[in-house]
Amino acid sequence: MNNPIALLATALLGIGLTGCATHKSVAAVGQGYEEVSHPNHAMIDEPPPPRVSFQHRSADGKVTQIWPSLYGASEVIKGDLAIFVGDKAYLEPDKVTHPRLFAVQPPALPLDITDEVLWRWSKFAGKDFAMALEKFTVVTPGETNGELVLHLEFYSEDQTWPDQGDLQLDWNQVSEIMHAVKAKGVLEKDLRWDTLYIGEKF
């Protein structure tokens, strides 16, 4: 027959090891867009930062999940359009994530506009597009004087290649980029989260 004291001790130990449940929090960022913080549970002094997902809440209260894991850069929101950086998984070898730049207008699927942006930056900077794709590490969106400013960072040991560069776009140019991705786009699914989005094949 089982010892009830031993069973209670085992249950309490299990609770202690898994940690206390922490509720996710929702923060509005404008025009119905919301960031949702998903705390990590870990029995260490400094748990890793929470995963933050991105969603949209319509006027009638319907919630549409846009992307399950933001990279960390702030979103730029213009009317119903949001520009954001999300973690996208790659098989190398075990679903490693890298930041990608997306544009979204709910309820439509997010558009991965990263390659289109790099192509335009390459033309502007007089750099090889294939090399830009290879050396790109992260992009940070911002807004200056009513235009979208994209701060690009690259990794390269080649001193002839810049560590960073900026691309400034007006909103008509952003619309052109989105149209180009839609025209050449293919339906894709993130490898880690199974999130659907529109990618582009050059």
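Before any of the text, the structure's been laid out above.
Right, let's get into the packing of helix α2 (residues 114–125) against helix α4 (residues 171–184). Packing of α2 against α4 brings their axes to within 9 Å, and their N-to-C directions diverge by 125°. Accordingly, the angle class assigned to the pair α2 and α4 is oblique. Relative to α4, the crossing made by α2 is right-handed. Two secondary-structure elements touch here, α2 through Glu 116, Val 117 and Arg 120 and α4 through Glu 176, Ile 177, Ala 180, Val 181 and Lys 184. For the contact of α2 with α4, the class distribution of residues is 4 nonpolar, no polar and 4 charged.

What follows is about the packing of aromatic side chains. What characterises a pair of aromatic rings is the spacing of the ring centres plus the angle enclosed by the ring planes. Scanning all chains against the criterion turns up 9 aromatic pairs. For the ring pair Phe 54 and Phe 84, a centre distance of 5.1 Å and an interplane angle of 50° mean the geometry is tilted. Within this pair, whereas Phe 54 is found in strand β3 (residues 51–57), its partner Phe 84 is found in strand β6 (residues 81–90), the two being separated by 30 residues in sequence. Of the two residues, Phe 54 and Phe 84, neither departs from the other in class, the shared state being buried. With a centroid separation of 5.3 Å and an interplanar angle of 15°, the aromatic rings of Phe 84 and Phe 102 are classed as stacked. Here the residue Phe 84 occupies a position in strand β6, and Phe 102 occupies one in strand β7 (residues 96–104), the gap between them amounting to 18 residues. When sorted by exposure, Phe 84 lands in the same class as Phe 102, which is buried.

Reading the values: rules and limits
- Residues numbered from 1 in each chain as written.
- Predicted model: local features only at pLDDT ≥ 70, side-chain atom pairs only at ≥ 80, totals over all residues.
- Heavy atoms only, no water.
- Axes fitted to C-alpha atoms, helices over the stretch in contact; angles between N-to-C directions.
- Helix = DSSP H or I, 4+ residues; strand = E, 2+ residues; numbered from the N terminus.
- Parallel < 35°, antiparallel > 145°, perpendicular 65-115°, else oblique.
- Left-handed = near helix turned anticlockwise from the far one by under 90°.
- Contact = heavy atoms within 4.5 Å.
- Nonpolar A, V, L, I, M, F, W, Y, C, P; charged D, E, K, R; others polar.
- Phe/Tyr/Trp six-rings, centres within 6.5 Å; stacked < 30°, edge-to-face > 60°.
- Buried < 20%, exposed > 50% of the residue type's maximum accessible area, 1.4 Å probe, protein only.

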